[in-house]
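What the coordinates show
Residues per chain, in single letters:
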Amino acid sequence: MSNNRLEKLRTLLKENDLDGAIISGRPNTIYFAGFTGTTSSLLVGPDNAWLIVDFRYTIQAKKQAFEGIEAIQYEDTLHGTLNELIKDNRLEKLGFEGLLPFSEYEAFRDKLPNAKSLVNLGNKVDKLRIIKDADEIERLQQAVLLGDKVFSELLKFIKPGMKETEIAAEMEYMMKKFGAKGPSFESIIASGKRSAMCHGTATDAVIEKGDAVVLDFGVIYRNYCSDMTRTIFIGEPGAELKKVYGIVKKAQLEALDALTSGMRAVDADKVARDIITEAGYGKAFGHGLGHGVGIEIHEEPRVSVKSEDILEDGMVFSVEPGIYVEGLGGVRIEDMVVLADGKPRNFTTSTKDLIIL
Ligand SMILES: [Mn+2]
């Protein structure tokens, strides 16, 4: 498995006429090397690969590094060791990932004189992670099920009069208790009028009767993220909120139903968008239908009006239409699916029936 991942990278390097690559971003380091530490450089050549770390990470790197990767503790400086390896293995033309801090690029340029040329591979390295293998799909499924469990337990906990932050604290405590490393992003708990903010992270706002509460959260489990959203109501919702809930639910179910491998992501987005637009809320759905989820909470593919991606077997992404009305509130429903044998398999099991606490 690990070797397959490095082979995919080596094929990309060949296509770009490169001798090797330097991987320093954390998501790609986890993917290609299995290493979860925060600082490292992974140098990949045609036949060898080296994971260079400092003293703090030597034991961990040796333990975690995938087959075919040699873990090395650098002596003086990371770039010094990297520069030596580049020379000894004649890796003159090297690619690097696009999403690097500029300071890191400058360090490559200034401290690696043995690299004759450094080529920005943009998002081409990230794109190698777009099709998930069986091991990744299993981890993602387990992550989502853990999130479902948190949600069902949380429903027993939430009461009017609680602060959003109290709910977030209980939620994140449960995540860890059930075996997650922690949340995959800052939990969104947006109640009442705040629910009209798509990314309303928990505040000290108090949950009151009649409120919609958008709960958008995820866990990290064995390096993989989950992402789900449910919107619940504290007491009977008003007529418009109830209507909005029905529209979002219909848009979400029909978008799921329409998914097939080989379709354009933009067309999947359109299925949900048309339903919401016909109901008169087109402008209130101001984000894309979904996004890929994997080692990162937001990754390829993008499922939006601007996307150029084609949805294929093995892609894992969210389906999350929403309607947000300033002064009233918002509703979003989000599941995570994988495409397999041409069809979507929904990882998420939580109900989408109207929940009134
Ligand atoms: Mn999401």
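Residues numbered from 1 in each chain as written. Predicted model: local features only at pLDDT ≥ 70, side-chain atom pairs only at ≥ 80, totals over all residues. Heavy atoms only, no water.

A short note on the domain arrangement of the protein
Size of an interface, as often reported, equals the accessible area lost when the parts are brought together. To be explicit about the condition: Each domain's extent was defined by an automatic or database domain assignment. In what follows, residue pairs with any heavy atoms lying within 4.5 Å of each other are defined as contacts. Each of two parts loses accessible area, computed with a 1.4 Å probe, when they are put together; buried area is these two losses added. Here, a salt bridge means any side-chain nitrogen of Lys or Arg that lies within 4 Å of a carboxyl oxygen of Asp or Glu. Polar contact is the term for a pair of N or O atoms within 3.5 Å; when the atoms are in protein, one must be able to donate a hydrogen and the other to accept it, and sequence-neighboring residues count only if both atoms are side-chain atoms. Each helix is a run of H or I in the DSSP string that is no shorter than four residues. Each strand is a run of E no shorter than two, and both are numbered from the N terminus. Residue classes follow a fixed rule: Ala, Val, Leu, Ile, Met, Phe, Trp, Tyr, Cys and Pro count as nonpolar, while Asp, Glu, Lys and Arg count as charged, and any other residue, Gly among them, counts as polar.
Assigned domains of the protein: these are domain 1 (2-127) and domain 2 (134-346). Computed over C-alpha atoms only, the centres of domain 1 and domain 2 are separated by 35 Å. Listed by partner, the interface residues are 7 residues for domain 1 and 8 residues for domain 2. Area buried by domain 1 at its contact with domain 2 is led by Pro 27, Ile 30 and Lys 127, which between them contribute 50% of it. Between domain 1 and domain 2 we count 2 salt bridges in total. Among the salt bridges present, the one from Lys 127 reaches Glu 300, with a minimum N-O distance of 3.9 Å. At the junction of domain 1 with domain 2, the criterion picks out 2 residue pairs in polar contact (both at pLDDT 80 or more). For the side of domain 1 that touches domain 2, the element with the highest residue contribution is helix H2 (residues 26-33), accounting for 3 residues. Split by residue class, the side of domain 1 that touches domain 2 holds 3 nonpolar, 2 polar and 2 charged.

Considerations on the side chain of Ser 41
As for its position among the elements, Ser 41 is in strand E2 (residues 41-44). Filtering out sequence-adjacent residues up to four positions away, Ser 41 remains in contact with Ile 22, Ile 23, Ser 24, Trp 50, Leu 51, Ile 52, Leu 78 and Leu 82.

Description of the environment of Asn 114
Inspection of the secondary structure assignment puts Asn 114 in the loop between helix H5 (102-111) and strand E6 (117-120). Put simply, Asn 114 and Leu 78 are 36 residues apart on the chain and 14 Å apart in space, counted from C-alpha to C-alpha. Excluding anything up to four places from it in sequence, Asn 114 contacts Asn 83, Glu 84, Ile 86, Lys 87, Leu 91 and Glu 92. A polar side-chain atom of Asn 114 sits 2.9 Å from the main-chain carbonyl oxygen of Asn 83.

Quick notes on helix H7 (residues 134-157)
Threshold: To estimate how far a helix should extend, the number of its residues minus one is multiplied by 1.5 Å.
For H7, built from 24 residues, the straight-helix expectation of 34 Å at 1.5 Å per residue is met to within 8% by its first-to-last C-alpha distance of 35 Å. By the N-cap criterion, in which a side-chain oxygen at the helix start approaches the backbone nitrogen of a residue two or three places on, H7 is capped by Asp 133, the distance to Asp 135 being 3.2 Å.

Some remarks on helix H4 (residues 78-88)
To be explicit about the condition: Burial classification: accessible surface area is computed with a 1.4 Å probe over protein chains only, and a residue below 20% of its type maximum counts as buried, one above 50% as exposed, and the rest as partly exposed.
Among the residues making up H4, those that are buried are Leu 78, His 79, Thr 81, Leu 82, Asn 83, Leu 85 and Ile 86. Its buried side turned inward, H4 meets strand E1 (20-23), E2, strand E3 (49-53), strand E4 (70-73), strand E5 (93-96) and H5. Positive phi appears at Arg 90, one or two residues downstream of H4, with a value of about 50 degrees.

Observations concerning the packing of aromatic side chains
We apply this condition: Each Phe, Tyr or Trp ring, with Trp reduced to its six-membered ring, pairs with another whose centre is within 6.5 Å; inter-plane angles below 30 degrees give stacked pairs, above 60 give edge-to-face pairs, and intermediate values give tilted ones. Charges are assigned to positions over rings by a cutoff of 6 Å between ring centre and Lys NZ or Arg CZ, combined with an angular limit of 35 degrees from the ring normal.
Scanning all chains against the criterion turns up 6 aromatic pairs. For the pair Phe 96 and Tyr 105, a centre-to-centre distance of 5.5 Å together with 40 degrees between the ring planes defines the contact as tilted. The partly exposed category is assigned to Tyr 105, whose relative accessible area is 25%. The rings of Phe 96, Phe 102, Tyr 105 and Phe 108 are connected pair by pair, giving a single aromatic cluster. Geometry around Phe 178 places Lys 149 over its ring, the cationic atom sitting 4.3 Å from the centre. Against the face of Phe 285 rests Arg 273, its NZ or CZ located 4.0 Å from the ring centre.

Focus on the pairing of strand E17 (residues 329-332)
So the rule is basically this: Pairing between strands requires that DSSP locate at least two bridges from one strand to the other.
Residues Gly 329 and Val 331 point to one face of E17 and Gly 330 and Arg 332 to the other, with burial holding for every one of them. Bridge count between strand E16 (residues 322-325) and E17: 4 bridges; the pairing is antiparallel. The partner of Ile 323 across the bridge, within E17, is Val 331. Hairpin connection from E16 to E17: 3 residues lie between these consecutive antiparallel strands, with Gly 327 at a positive phi of about 90 degrees.

Considerations on the sheet that holds E3
We apply this condition: Here an angle of 0 to 180 degrees is reported between the N-to-C directions of two axes, which are lines fitted to C-alpha atoms, with helices fitted over the stretch in contact.
Spatially, 6 strands are ordered E4-E3-E2-E1-E5-E6 in an open sheet, and the strand pairing comes out mixed. Among the strands making up the open sheet, the edge pair consists of E4 and E6. Pairs of neighbouring strands in the sheet enclose a mean axial angle of 25 degrees, with direction left out of account.

So, the pattern of salt bridges
Under the defined criterion, the tally for this structure stands at 24 salt bridges. Measuring nitrogen to oxygen at the nearest pair gives 3.0 Å for the salt bridge that ties Lys 127 to Asp 309. Taken together, the positions of Lys 127 in helix H6 (residues 124-127) and Asp 309 in the loop between strand E14 (299-303) and strand E15 (316-319) put the pair 182 residues apart, joining distant regions of the chain. Here Glu 153 makes a salt bridge to Lys 156, at a shortest N to O gap of 3.0 Å. Of this pair, Glu 153 and Lys 156 both sit in helix H7, 3 residues apart, which is roughly one turn of that helix. The exposure class assigned to Glu 153 is partly exposed, which follows from its relative accessible area of 29%.

So, unusual backbone geometry
Pro 301 follows Glu 300 through a cis peptide bond whose omega is 0 degrees. Assignment of secondary structure puts Pro 301 in strand E14. One non-glycine residue, Asp 17, lies in the positive phi region at around 60 degrees. Residue position: Asp 17 is located in the loop between helix H1 (2-15) and E1. According to the relative accessible area criterion, Asp 17 is exposed, its value standing at 52%. The residue Asn 223 is not glycine, and still its phi comes out positive at about 75 degrees. Looking at where Asn 223 falls in the secondary structure, it is placed in the loop between strand E10 (219-221) and strand E11 (224-225). With relative accessibility at 23%, the residue Asn 223 sits in the partly exposed group.

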